[in-house]
Amino acid sequence: MKELVLAPSVSSHIDFASYEGKEIVLTGQIQNLRVLAWGGFIILRLPNYLVQCVVDKAKVAFPLENLAAECTVRLTGTVAPAQIKDKAIWPRGHEIQVSGIVELSRPSVSPLPVDTTKKELNCELHTKFDLRPLTLRHPRERAIFRIAGTIYNEFGESLARAGFTRICSPKIVFSGAEGGANIFKIGYFDRTAFLAQSPQFYKQMMVGVFGRVYEEAPVFRAEEHDTSRHLNEYISLDLEMRLENGFEDIMQVETAVLRDVFARLERDCAPELELLGVTVPKLDKIVTIKFSEAHEIMLKETGKDFRGEKDLDPEEERTVCEYARKTWDTDFVFVTHYPSAKRPFYALDDPENPGETLSFDLLFRGIEITTGGARMYRYEDYVKKMESREMKVELFESYLQAFKYGMPPHGGLGLGLERLTAQVCGLANVKEASLFPRDIKRLEP
């Protein structure tokens, strides 16, 4: 039996200012190495930092020529003040004056198939994704996913502060929440099951339990798209809630959460935002237009008539966002009252116009990032609508239990993490905001 002494801290955060003039020991991987006549510079990659380490050959006998990018080393040195201009390095106010080097491991191939020491990853997208375990180590790639992780964390923490309860729903399900053919079938013992398109059914059930719930988890769409906008697996940030004042409550909550997210990004991801050359958007107003108004804006701005369409074309989304920017000075616009024919069966119809639903999409910088709205909440209404769509009510009885037992007016939304991250980071392809993207052609790594 061996009992370990409890460590006073397990954090990887370092207050370099408190170490100034003191010795420190750091273990990390070499992001970049520059060997000069007098010594050289090692840029050391740590969990939270890229640290500049200065090696003087007169003081350190270790042959720097023997090291290479992605070697793991343990460095001993003294923390000294510095003025570093390279935006990839953080912190920029301190560096390590190295006194000792121990090599712990090195790559098995040389040279590496992609040069991650350059300011840009000069490779095609397919190469970037094929070599993901390596290319993700590049500072710009790390910055994207530091931002994505912060969005993910603050989404949940903001909702928790607002009284929402986190749930974890099944991803192997008996039926698709949205129907249609865009659902993956899997073998489940002696029957067929599906990968969840959405946590919709479960988060609605849980509104009857907690009143306000949220989930952050993968969802799966068997859509044969091969575009810069689509993934077949992505992270959906979901919430569902009782409605006190109508479906506008959902837009109020999303706006509050996004404002918290953007404030957190400014506070915690300043180096990453600066490295990528992007700014956090401002969300200081809620602008809504009806779906029919979006068509009218498209017609007015471009002369193209989409008024007979039941959904917004990608070109319309871009045009509406451009119009919102110049007219209302906002990057965000809620488009409401989508046609019932294009919304899932659980969407609540507008009592004043049954052809429209009390639903919305949130458009941000030219693309839809959120779909949400009010849901039906009476059992009889579900049966009537499902029968009108020739759906087999008996297949959904386990879901419909919640409404048989009584449910309050409620609604919610799903927000795509990758789309939001891509728009914040100014990425041209949503796949670049996915750690290991899944599309119709890619199943590894």
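Everything below is about the structure printed above this text.
Residues numbered from 1 in each chain as written. Predicted model: local features only at pLDDT ≥ 70, side-chain atom pairs only at ≥ 80, totals over all residues. Heavy atoms only, no water.

Along its length, the protein carries 11 helices and 18 strands. Based on the C-alpha atoms only, the size of the protein along its principal axes is roughly 85 × 65 × 40 Å. Counting the 445 residues in the protein, one finds 50% classified as buried. Surface exposure of the protein reaches about 22,200 Å², of which carbon and sulfur atoms provide 51%. Separation between the mean location of the 57 positive side-chain charges and that of the 66 negative ones in the protein comes to 4 Å. (Helix = DSSP H or I, 4+ residues; strand = E, 2+ residues; numbered from the N terminus. Buried < 20%, exposed > 50% of the residue type's maximum accessible area, 1.4 Å probe, protein only. Areas by Shrake-Rupley, 256 points an atom, 1.4 Å probe, with all protein chains shown as cover. Lys, Arg positive; Asp, Glu negative; His and termini not counted. Charge placed at Lys NZ, Arg CZ, Asp CG, Glu CD.)

Turning our attention to the environment of Glu 356. Looking at where Glu 356 falls in the secondary structure, it is placed in strand β15 (residues 353–357). Owing to a relative accessible area of 18%, Glu 356 belongs among the buried residues under this scheme. Separated by 15 residues in sequence, Glu 356 and Ala 341 have C-alpha atoms that sit 8.3 Å apart. Apart from residues lying up to four places away in sequence, Glu 356 is in contact with Lys 290, His 337, Tyr 338, Pro 339, Ser 340, Asp 349 and Asp 350. (Contact = heavy atoms within 4.5 Å.)

By size, the foremost hydrophobic cluster in this structure holds 49 residues, and its most contacted members are Ile 147, Leu 239, Phe 262 and Leu 265. Contact partners of Phe 262, with chain neighbours within four places excluded, come to Val 280, Pro 281, Leu 283, Phe 332 and Val 424. Core analysis: the next-biggest nonpolar cluster, separate from the first, contains 22 residues, Ile 24, Val 60, Leu 64 and Cys 71 among them. (Core = buried A, V, L, I, M, F, W, Y, C linked by side-chain atoms within 4.5 Å.)

Moving on, we come to the sheet that holds strand β11 (residues 233–242). Within the open sheet, the 8 strands sit side by side as β6-β10-β11-β18-β17-β16-β13-β12. Their pairing is mixed. The two strands at the open ends of the sheet, each matched to only one other strand, are β6 (165–166) and β12 (288–290). Looking at chain direction, strand β10 (residues 212–220) and β11 are connected through 9 bridges and run antiparallel. Within β11, the position partnered with Arg 212 by the bridge is Met 241. (Pairing = 2+ DSSP bridges.)

Turning our eyes to something else, we now look at the sheet that holds strand β1 (residues 23–35). Here we have 5 strands rolled up into a closed barrel, ordered β1-β2-β3-β5-β4, and mixed in their pairing. Here the strands of the sheet are splayed against their neighbours by 55° on average, with no regard to which way each runs. Bridge count between strand β2 (residues 39–45) and strand β3 (residues 50–56): 7 bridges; the pairing is antiparallel. Considered in β3, the bridge of Ile 42 is made with Cys 53. (Axes fitted to C-alpha atoms, helices over the stretch in contact; angles between N-to-C directions.)

Now for the pairing of strand β16 (residues 359–364). In the case of a regular strand, side chains alternate between the two sheet surfaces. Taking burial as the measure, the 6 residues of β16 include 6 buried ones, the bulk of the element. Neither face of β16 is open: one carries Ser 359, Asp 361 and Leu 363, the other Phe 360, Leu 362 and Phe 364, and all of them are buried. Strand direction decides the pairing type here: strand β13 (residues 332–336) and β16, joined by 5 bridges, are antiparallel. Among the inter-strand pairings, Thr 336 is bridged to a residue of β16, identified as Phe 360. Inspection of the sheet shows β16 paired to strand β17 (residues 367–375) by 6 bridges, in the antiparallel sense. In the sheet register, Phe 360 faces β17, and the bridge partner there is Gly 372. The turn linking β16 back onto β17 is made up of 2 residues, and Arg 365 within it adopts a positive phi angle of 50°.

What follows deals with the packing of aromatic side chains. Applying the stated criterion across every chain, the model contains 20 aromatic pairs. Ring centres of Phe 332 and Phe 364 lie 4.4 Å apart, and the angle between their planes is 5°; this geometry places the pair in the stacked category. Of this pair, Phe 332 sits in strand β13 while Phe 364 sits in strand β16, and the two are 32 residues apart along the sequence. Exposure remark for Phe 364: the relative accessible area of 0% places this residue in the buried category. Ring centres of Phe 345 and Tyr 382 lie 6.2 Å apart, and the angle between their planes is 75°; on these two criteria the pair is classed as edge-to-face. On the criterion of sequence distance, the pair formed by Phe 345 in the loop between β13 and β14 (349–350) and Tyr 382 in helix α9 (residues 379–388) is long-range, its members being 37 residues apart. Across the pair, exposure class does not vary: Phe 345 and Tyr 382 are buried alike. Sitting above the plane of the Tyr 338 ring, Arg 343 keeps its charged end 3.9 Å from the centroid. (Phe/Tyr/Trp six-rings, centres within 6.5 Å; stacked < 30°, edge-to-face > 60°. Lys NZ or Arg CZ within 6 Å of the ring centre and 35° of its normal.)

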